[in-house]
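Residue-level structural notes
One-letter residues, chain by chain:
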Amino acid sequence: MTTHKDISWWYWLAMAVLLATGLAGFRQAFHVAIALGVVQSLHYLGWHRRLMAFPVQVRVAYLGLLVLGLWDPYVIWYWFQLAGTTAMVTVSYCPLARFLSLMPWNRQEPFTLALLRRTVFSAPVKGSILQGLPAE
């Protein structure tokens, strides 16, 4: 679980505030959120030294969704990101990380409905969802 002592929690809190601000009508906040997403992605890439490190994947995917949301047909994604980021900040549940954990390059077992169910409905875990899923 992420705590307020962890820099990632502060990044996500700032992102939630920026998304809420943008959705409240201050569209420039989305551009600031994208800039923060770039900084966060580069920070974690520098820390982990590889693009395929799971924390880097989460941040790059999040950044991609932020950029996608600039295009009017996809502005709804900002609402999903705000909901997911709020869940991350408040209860350490990251829907994006859970979705990414289901990608073929991130899992060791075949994709099944049982795996999907365990991934979505398991309680938040300390560290990465990749190491925290309960057994079937």
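In what follows, the accompanying structure is described. (Residues numbered from 1 in each chain as written. Predicted model: local features only at pLDDT ≥ 70, side-chain atom pairs only at ≥ 80, totals over all residues. Heavy atoms only, no water.)

1. Side note on the nonpolar core
In plain terms, the rule: As used here, the term nonpolar core means buried Ala, Val, Leu, Ile, Met, Phe, Trp, Tyr and Cys residues forming a set that is joined through side-chain atoms within 4.5 Å. Whether a residue is buried, partly exposed or exposed follows from its accessible area with a 1.4 Å probe, protein chains only, as a fraction of its type maximum: under 20%, in between, or over 50%, in that order. Working definition: helices are DSSP H or I runs of at least four residues, strands are E runs of at least two. Numbering for both runs from the N terminus. The criterion used for residue contact is that any of the two residues' heavy atoms lie within 4.5 Å.
Formed by 29 residues in total, the largest nonpolar core has its most connected members in W12, M15, L19, V58, Y62 and L66. Contributions of two or more residues to this core are made by α1 (7–23), α2 (28–48), α3 (54–69), α4 (76–91) and α5 (95–101). The biggest single contributor to this core is α1, with seven residues. Those residues within four positions of W12 in sequence are excluded, and the remaining contacts are Q40, V58, R59, Y62, T85, M88 and V89.

2. Details of unusual backbone geometry
Located in the positive-phi region is R49, a residue other than glycine, with phi close to 65 degrees. Mapping R49 onto the fold places it in the loop between α2 and α3. By relative accessible area, which is 72% here, R49 ends up exposed. Its identity is not glycine, yet S92 carries a phi of approximately 60 degrees, on the positive side. With respect to the element layout, S92 can be found in the loop between α4 and α5. A relative accessible area of 12% means that S92 is categorised as buried.

3. Comments concerning α1
Note the following rule: Helix span, as expected, comes to 1.5 Å for every residue beyond the first. Side-chain atoms alone can form a polar contact between residues adjacent in sequence; in general such a contact is a pair of N or O atoms within 3.5 Å, and within protein one must be able to donate a hydrogen while the other accepts it.
Taking 1.5 Å of rise per residue, 17 residues should cover 24 Å, and α1 covers 24 Å from first to last C-alpha, within 8% of that figure. Residues of α1 that are buried: S8, W9, Y11, W12, M15, A16, L18, L19 and G22. Looking at the buried residues of α1, the elements they touch are α2, α3 and α4. Structurally, the start of α1 carries an N-cap: the backbone nitrogen of S8 is 3.1 Å from a side-chain oxygen of D6. Following α1 by one or two positions, G25 has its phi on the positive side, about 120 degrees.

4. What to know about the pattern of salt bridges
Selection criterion: Between Lys or Arg on one side and Asp or Glu on the other, a salt bridge is scored when a side-chain nitrogen of the former is within 4 Å of a carboxyl oxygen of the latter.
Overall, the coordinates contain two salt bridges when judged by the stated rule. In this structure, the salt-bridge partner of R27 is D72, at a minimum N-O distance of 4.0 Å. Of this pair, R27 sits in the loop between α1 and α2 while D72 is found in the loop between α3 and α4, placing the two residues 45 residues apart along the sequence. With a shortest N-O distance of 3.0 Å, R118 and E109 are connected by a salt bridge. Owing to a relative accessible area of 14%, R118 belongs among the buried residues under this scheme.

5. Some points on the environment of T112
With respect to the secondary-structure elements, T112 resides in the loop between α5 and α6 (113–121). As a C-alpha pair, T112 and L102 span ten residues in sequence and 9.8 Å in three-dimensional space.

6. Quick look at the packing of aromatic side chains
Our working rule: Under the pairing criterion, centres of Phe, Tyr and Trp rings, with the six-membered ring standing for Trp, must be within 6.5 Å; the plane angle then separates stacked pairs below 30 degrees from edge-to-face pairs above 60, leaving the rest tilted.
Following the criterion strictly, the structure yields seven aromatic pairs and no others. With centroids separated by 4.0 Å and ring planes inclined at 20 degrees, the aromatic side chains of F30 and Y78 adopt a geometry described as stacked. Residue F30 is located in helix α2, and its partner Y78 is located in helix α4; the two are separated by 48 residues in the primary sequence.

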